[in-house]
Amino acid sequence: MAEQPKEIIVQGIGVSPGVVVAKAFLLTTEDDRFVEREIAPDEIPREVARFEDALIETRRQIHEIQQKVSTAIGQENAGIFDAHLLVVDDRAFVEEVIRGLNAQHRNVEAVLHDVAERYADALARIEDDYLRERAADVRDVTRRILRNLSGKSRSEILETEEPCVVVANDLAPSETATMDKEKVVAFATDLGSPTSHTAIMARALGIPAIVGLHDVSVRVSEGDEVLVDGSKGVFIVHPSRERLDRYGQEVENRKHIESELARLKDESAETRDGYMVLLSANIERPEDVNSIEAYGAQGVGLFRSEFLYLSRENLPNEEEQYSVYDEVARRLAPDPVIIRTIDLGGDKFLSHMRTAPEMNPFMGWRAIRFCLAQPDIFKTQLRAILRASVSENVKIMYPMVSSADEVIQANALLEEAKDELRSEGGRFNEDVDVGVMIEVPSAALIADLLAPHVKFFSIGTNDLVQYTLAVDRVNERIAYLYRPTHPAILKLIKNTIDIGHEHGIWTGICGEMAGNPLMVPLLMGLGADEFSVSPSLVPMVKDVIRNLRYAQAEELAAKALASESPKEVLDLCRDLTQEIAPEIIQLIE
Ligand code: PEP
Ligand code: MG
């Protein structure tokens with residue numbers, strides 16, 4: 001009987017809950033084929049085995065190409081691949097890589113790359129045309145071996161028969177958004193953090209995901225059996241029988257709690273003593289409306305409309321946008337649908353618009369800044385939203401506002417769009433509500449200057465935390481510093497809500513903090529009127545609210561505001577949740 005390979009356990013950051021066991025699909029791009037890492041002595045046999053597997057696969061592929069070329073354009077043209085086969089079968093070359101592995105304690109990709117470069121350089125220096133050309137063969141074959149070591153391309157996912165766990169160095173939000181849920185049952189990446197848009201997308205798709213696994217993409221081989229625990233952030237390669245049994249029981253327990261929570265679907269988000277908030281959901285794609293209905297959210301608190309602009313070769317025109325907004329609004333009426341105008345830039349880019357690379361894209365030409373500089377693009381979207389506002393539940397929200405001036409300019413463009421529609425006889429809601437996201441510290445501090453221009457605030461804690469604490473939200477190395485319970489964040493949230501109330505406008509929270517059940521009582525105690533969270537988190541958030549008394553929330557908020565550290569606040573939050581809704585602690589820890 002074949003020996004069970006040793007378990008490898010890697011701890012990352014769980015960003016989308018759920019447990020899945022499936023085969024790994026190593027997804028790669030040209031850029032990340034070469035991740036270098038140190039290996040422990042007991043990993044050497046495994047690296048040798050990976051290398052040998054990759055050589056076998058490379059040999060098979062070269063034979064296949066040779067066959068195809070020979071059928072298509074004749075045997076003599078297929079001859080060049082003999083030279084490629086000679087490289088794969090060159091024992092001296094292969095043994096030098098294996099010696100390097102034993103001596104250098106680096107992963108096989110790094111050793112192979114160096115050996116191949118040495119070979120290619122030596123060949124390139126020889127005064128013989130034939131041998132000089134062999135340098136290109138060595139590089140070509142090495143690229144192929146590296147590709148076989150580190151993964152496959154996106155299009156190959158579609159060809160897989162079995163459901164798989166996509167393992168990658170990193171994934172762009174647009175890549176995550178377009179994954180086929182039937183084929184991809186979980187994600188695991190080296191990079192990333194909980195508020196990256198890739199993580200947010202994984203939650204929207206309801207696919208378990210772990211990010212920040214550092215070097216997982218070079219520790220797993222294609223086709224390895226892996227277990228993904230997206231709640232605890234644990235990734236296990238070759239899980240043992242006992243481990244699978246234990247997880248089986250946990251999954252059963254979790255399912256039981258989830259089916260209890262599902263009963264709350266049609267209940268309101270109301271505390272035990274009758275304090276009611278609006279619990280709506282964040283969506284990225286029109287089809288996410290199905291999840292809103294399935295999980296019982298009350299409308300959309302944040303429609304990240306820029307996802308309509310990603311993964312395509314042109315901009316969506318007014319008609320196309322209108323039909324999406326109109327359908328979402330009609331399906332959810334009379335519940336509110338807040339359409340955020342496009343928030344491009346940061347970690348979301350249009351592939352067809354060749355904008356210059358920026359040193360700090362999150363602080364660069366992003367969101368409202370981009371829209372005010374591109375009034376045609378902006379007005380096309382505003383017209384589409386206005387037309388959909390005929391169902392009176394549509395609201396407009398501007399992202400990344402940092403000064404009152406920007407709101408005034410955006411509102412002026414909105415008025416222009418209204419004038420155009422009026423002169424064309426188009427219908428729209430004259431009194432459509434306009435709000436701003438409070439996600440830049442300056443906006444939170446000048447909430448009093450913004451309030452006169454808008455009907456609501458929605459606090460985007462994902463960006464607010466990154467800008468206030470100077471912690472890049474997608475950098476896993478500093479993820480430990482990303483603390484929504486930091487006293488500075490609580491002060492900014494409190495200031496925004498209080499000022500909103502003084503001006504008679506409501507304040508919601510649409511960043512990921514709102515969907516963290518531990519932090520919901522704190523945000524309620526600070527006075528939040530609305531929560532907008534990933535659809536799948538709605539049942540947990542509702543359960544916490546329904547088990548809470550408002551006085552407990554107020555007391556928690558008062559203690560939190562007097563606390564000195566993020567940990568102190570988080571402990572207070574956890575203690576209260578443990579007291580009022582222990583089932584939630586079981587689900588998330
Ligand atoms: C936020 O910043 O909190 C937010 C909700 O917007 P996004 O995550 O899309 O930047
Ligand atoms: Mg934001």
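Since we're looking at a predicted model, the values are computed, not measured.

Visitor: Help me out: how do you make sense of unusual backbone geometry in this one?
Guide: Most peptide bonds take the trans configuration, and most residues that are not glycine carry a negative phi. Geometrically, the link from A333 to P334 is a cis peptide bond, its omega value of 5° lying close to zero. Along the chain, P334 falls in the loop between α11 (318-332) and β11 (337-340). In this structure, H214 is a non-glycine residue whose phi angle is positive, near 65°. Here H214 lies in the loop between β6 (209-211) and β7 (225-229). Exposure remark for H214: the relative accessible area of 49% places this residue in the partly exposed category. One non-glycine residue with positive phi stands out, namely M400, at about 55°. For M400, the location among the structural elements is in the loop between β12 (394-398) and α14 (404-424). A relative accessible area of 2% places M400 in the buried class.

Visitor: Teacher, can you tell me more about the environment of E424 here?
Guide: Residue position: E424 is located in helix α14. Along the sequence, E424 and I200 sit 224 residues apart, while their C-alpha atoms lie 39 Å from each other. Polar side-chain contacts of E424 include one of 2.8 Å to the side chain of R383.

Visitor: I tried to follow the coordination of the magnesium ion (ligand 2) on my own but got confused; where do I start?
Guide: In an ideal octahedron of six donors the angles at the metal are 90 or 180 degrees, and in an ideal tetrahedron of four donors they are 109.5 degrees. Distances from the magnesium ion (ligand 2) to its protein donors, E439 (OE) and D463 (OD), fall within 2.0 to 2.1 Å. Remark: D463 occurs in helix α17 (residues 461-469) and E439 occurs in the loop between β13 (433-438) and α15 (441-445); sequence separation between them is 24 residues. Note on accessibility: E439 and D463 belong to one class, buried.

Visitor: Explain the packing of aromatic side chains to me, please; I cannot follow it from the model alone.
Guide: Aromatic ring pairs are defined here through the distance separating the ring centres and the angle between the ring planes. This structure, assessed with the given rule, holds six aromatic pairs. Residues F93 and Y119 carry aromatic rings whose centres are separated by 5.1 Å and whose planes lie at 75° to one another, so their mutual orientation is edge-to-face. Of this pair, F93 sits in helix α4 (residues 91-104) while Y119 sits in helix α5 (residues 108-124), placing them 26 residues apart in sequence. On the basis of relative accessibility, which here comes to 1%, the residue F93 falls in the buried class. Overall, Y119 belongs to the partly exposed group, its relative accessible area being 23%. The interplanar angle of 5° and the centroid separation of 4.7 Å between the aromatic rings of F456 and W506 together place this pair among those described as stacked. Residue F456 is found in strand β14 (residues 456-459), and its partner W506 is found in strand β15 (residues 506-509); the two are separated by 50 residues along the sequence. Sitting above the plane of the Y322 ring, R387 keeps its charged end 4.1 Å from the centroid.

Visitor: Sorry if this is basic, but what is going on with the site of ligand 1 here?
Guide: Around ligand 1, a shell composed of 17 residues is seen, among which H197, R304, R340, N462 and R473 lie nearest. In this structure, R340 approaches ligand 1 through a side-chain N or O atom, which is 2.8 Å from an oxygen atom. Take R366: an N or O atom from its side chain is 3.4 Å from an oxygen atom of ligand 1. For ligand 1, whose free accessible area comes to 280 Å², the fraction covered by protein is 100%. Mapped by element, the contributors of at least two residues to the shell around ligand 1 are α8 (197-205), β10 (300-304) and α17. Partitioning the shell around ligand 1 into residue classes produces four nonpolar, five polar and eight charged.

Visitor: Looking at this model, I keep getting lost on the pairing of strand β5 (residues 184-189). Mind explaining?
Guide: The two faces of a sheet get side chains in turn, since along a regular strand they alternate between them. With respect to burial, β5 is a largely interior element, five of its six residues being buried. Across five bridges, strand β4 (residues 164-168) lies against β5 in parallel orientation. Across the sheet, the residue bridging to V167 is A188, located in β5. Chirality of the crossover, the property in question, places the unit of β5, α8 and β6 among those that are right-handed.

Visitor: Explain the domain arrangement of the protein to me, please; I cannot follow it from the model alone.
Guide: By convention, interface size is frequently given as the accessible area that disappears when the constituent parts associate. Parsing the protein into structural domains produces domain 1 (8-28 + 153-255), domain 2 (41-149) and domain 3 (271-588). Centre-to-centre separation of domain 1 and domain 2, based on C-alpha positions: 30 Å. When domain 1 packs against domain 2, close to 500 Å² is buried across both sides, 35% of that on carbon and sulfur atoms. Among the residues domain 1 hides against domain 2, the three largest losses belong to V218, R219 and S221. Together they make up 61% of the total.

Visitor: Help me out: how do you make sense of α11 in this one?
Guide: Given a rise of 1.5 Å per residue, 15 residues ought to cover 21 Å, and the 21 Å separating the end C-alpha atoms of α11 matches this to within 8%. Contact partners of the buried residues in α11: β9 (278-283), α10 (289-295), β10, β11, α13 (375-388) and β12. Of the residues flanking the start of α11, the one acting as N-cap is N317, its side-chain oxygen 3.2 Å from the backbone nitrogen of E319.

Visitor: I would appreciate a short explanation of the pattern of salt bridges in the present structure.
Guide: Any two side chains of opposite charge can pair, so long as their charged atoms come close to each other. Inspection of the entire model under this criterion finds 56 salt bridges. A salt bridge links E43 to R37, with the nearest nitrogen and oxygen atoms 3.0 Å apart. According to the relative accessible area criterion, E43 is buried, its value standing at 15%. According to the relative accessible area criterion, R37 is buried, its value standing at 8%. Residue E287 is joined to R285 by a salt bridge in which the shortest nitrogen-to-oxygen separation is 3.4 Å. E287 sits in the partly exposed class, given a relative accessible area of 41%. A relative accessible area of 16% places R285 in the buried class. Each of E318, E319, K379, R383, R387, E416, E420 and E424 takes part in a single network of salt bridges with overlapping partners.

Visitor: Would you mind showing me how to read the sheet that holds β5 here?
Guide: Pairing between the strands of a sheet comes from backbone hydrogen bonds, and it takes one of two forms, parallel or antiparallel. Taken together, the eight strands give an open sheet; going across it, the order is β1-β8-β7-β3-β4-β5-β6-β2, and neighbouring strands pair in mixed fashion. Bordering the open sheet on either side are β1 (8-11) and β2 (13-16), each of which pairs with just one other strand. Pairwise comparison of adjacent strand axes, ignoring direction, gives a mean angle of 30° for this sheet. Inspection of the sheet shows β2 paired to β6 by three bridges, in the antiparallel sense.

Rules and cut-offs
Residues numbered from 1 in each chain as written. Chains lettered and ligands numbered in written order. Predicted model: local features only at pLDDT ≥ 70, side-chain atom pairs only at ≥ 80, totals over all residues. Heavy atoms only, no water. Helix = DSSP H or I, 4+ residues; strand = E, 2+ residues; numbered from the N terminus. Buried < 20%, exposed > 50% of the residue type's maximum accessible area, 1.4 Å probe, protein only. Polar contact = N/O pair within 3.5 Å; in protein donor to acceptor, adjacent residues only side chain to side chain. Donors = N, O, S within 2.8 Å, 3.2 Å for Na, K, Ca; no water. Phe/Tyr/Trp six-rings, centres within 6.5 Å; stacked < 30°, edge-to-face > 60°. Lys NZ or Arg CZ within 6 Å of the ring centre and 35° of its normal. Near = heavy atom within 4 Å. Areas by Shrake-Rupley, 256 points an atom, 1.4 Å probe, with all protein chains shown as cover. Nonpolar A, V, L, I, M, F, W, Y, C, P; charged D, E, K, R; others polar. Pairing = 2+ DSSP bridges. Right-handed = clockwise from strand over helix to strand, strands pointing away. Domains from an automatic or database assignment. Buried area = accessible area lost by both parts, 1.4 Å probe. Expected span 1.5 Å × (residues − 1). Contact = heavy atoms within 4.5 Å. Salt bridge = Lys/Arg side-chain N within 4 Å of Asp/Glu carboxyl O. Axes fitted to C-alpha atoms, helices over the stretch in contact; angles between N-to-C directions.

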